[in-house]
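# Observations on the model geometry
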Amino acid sequence: MKNRKENYFTKWSMCLLVMFLSVSVYGQKKFSREIPGKEVKELIYKIVDADTLKMELYFPDNVKKNKKYPTIVFYYGGGWNGGTVDQFRDQAGYFASRGMVTVLVDYRVKSRHGTTPYEAVKDAKSAIRYLKEHAKELHIDNTKMVASGGSAGGHLAAAVALLPSVNESTDNLSVDTNVSALVLYNAVVDNGPGPGGFQYERMGEAYLTISPIHNIEKGAPPTLFILGDKDHLIPVSVADDYKARMDAVGSRCEVLIYEGQGHGFFNKRVDTDKYYRITTREVDKFLSSLGYIKGQPTL
């Protein structure tokens, strides 16, 4: 009995240590669970292998019955291992206030579903197809649809636009997953074997089918790439390479590098929301330049 208690204490101590390190290293406050004054609409977009996958939507104020609105779809990060839709709830609330339909997508991850990044990509694309198929009732303008995400979620955002061959077999493949713009926060875009590649060993020999940077072709959507120069997972050289490949096919790509900032710096912190505000204003200006929202940023 003593050993069992000691083992339990050790495991619990490790859990506390991990929690402490995550707060002390990243300074991340608990993500927002709701948006004051905003009602969320929860929908099931997919049932696969007995797993029910949902998305949460926010709408602009005073939605007009027959009007369609620009839409931004957010995928959370977590290395395809975990994560929560709450990560981008603050951004979703802001862009809903700017006149967009905003969507927070849940998807399968290793810790909860025992899956790989390939299943996550399939889910990300299924979500886009669902939104397009239900665009009329959800007031979505399919011609002004933005995919966005952070880290592994940024990978999924890029995947819906750039990866043609990874799809759920039960999806209606006649519905494409093209989006009209990408907003990538310290995104995993290189899964190759080179120095900037992320978890190549996990992707296997089929990495070319799932690595966004290796699938940039003519017609790739305009992209905003946000990154800190102290990111321990995504080197600045990857963002530069992504832009160079976008330039080569004639697609717009803006890269914003923030000095002294690490992974996930764009979310609100325990002591400040400085970089949340700065990066959100830059995304606002990017979307405004595309004609999706109007006027000056409001934060």
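Located above this text is the structure these notes cover.
Okay, so let's go over this structure. What you see is a predicted model; the values in this text were computed from it and never measured. (Residues numbered from 1 in each chain as written. Predicted model: local features only at pLDDT ≥ 70, side-chain atom pairs only at ≥ 80, totals over all residues. Heavy atoms only, no water.)

## A word on the overall build of the chain
Applicable threshold: Counting from the N terminus, the helices are the DSSP runs of H or I reaching at least four residues and the strands are the DSSP runs of E reaching at least two. Atoms counted for the radius of gyration: C-alpha only. Globule rule: 2.2 Å times residue count to the power 0.38. Partly exposed residues are those whose accessible area sits between 20% and 50% of the maximum for their type, while under 20% is buried and over 50% is exposed, using a 1.4 Å probe and protein chains only. Contacts are assigned to residue pairs that have any heavy atoms within 4.5 Å of one another.
In terms of regular secondary structure, the chain is built from 9 helices and 8 strands. For the chain, the C-alpha radius of gyration of 19 Å lies close to 19 Å, the compact-globule estimate for 299 residues. Across the 299 residues in the chain, those meeting the buried criterion constitute 52%. For the chain, the proportion of contacts with a sequence separation of at least 24, taken over those separated by at least 6, is 74%.

## What about the sheet that holds strand β4 (residues 101-105)?
The condition is simple: DSSP-based pairing: two strands are paired if at least 2 bridges between them are found. Lines fitted to C-alpha atoms define the axes here, with helix axes fitted over just the stretch in contact, and angles between the N-to-C directions of these axes take values from 0 to 180 degrees.
Strand order across the open sheet formed by 8 strands is β1-β2-β4-β3-β5-β6-β7-β8, with mixed pairing between neighbours. Of all strands in the sheet, those with a lone pairing partner are β1 (41-48) and β8 (253-258), marking the two edges. Each adjacent strand pair in this sheet contributes to an overall mean axis angle of 20°, direction not counted. In the sheet, strand β3 (residues 69-75) pairs with β4 via 5 bridges, with the strands oriented parallel. Considered in β4, the bridge of Tyr75 is made with Val105. Sheet strands in contact with helix α4 (residues 117-133) are β1, β2 (51-58), β3, β4 and β5 (140-150), and its direction is about 125° off that of β1.

## Looking at the pattern of salt bridges
To be explicit about the condition: Every case where a carboxyl oxygen of Asp or Glu lies within 4 Å of a side-chain nitrogen of Lys or Arg is listed as a salt bridge.
Summed over the entire model, instances satisfying the criterion amount to 19 salt bridges. Between Asp86 and Arg89 there is a salt bridge, with the nearest N and O atoms lying 2.6 Å from each other. What makes Arg89 buried here is its relative accessible area of 3%. With a shortest N-O distance of 2.5 Å, Lys132 and Asp176 are connected by a salt bridge. Separated by 44 residues along the polypeptide, Lys132 in helix α4 and Asp176 in the loop between α6 (152-162) and β6 (181-185) bring together distant segments of the chain. Connected through shared salt-bridge partners, Lys46, Asp49, Arg108, Asp123 and Glu168 make up one network.

Keep in mind that these numbers describe shape and distance, not what the molecule does.
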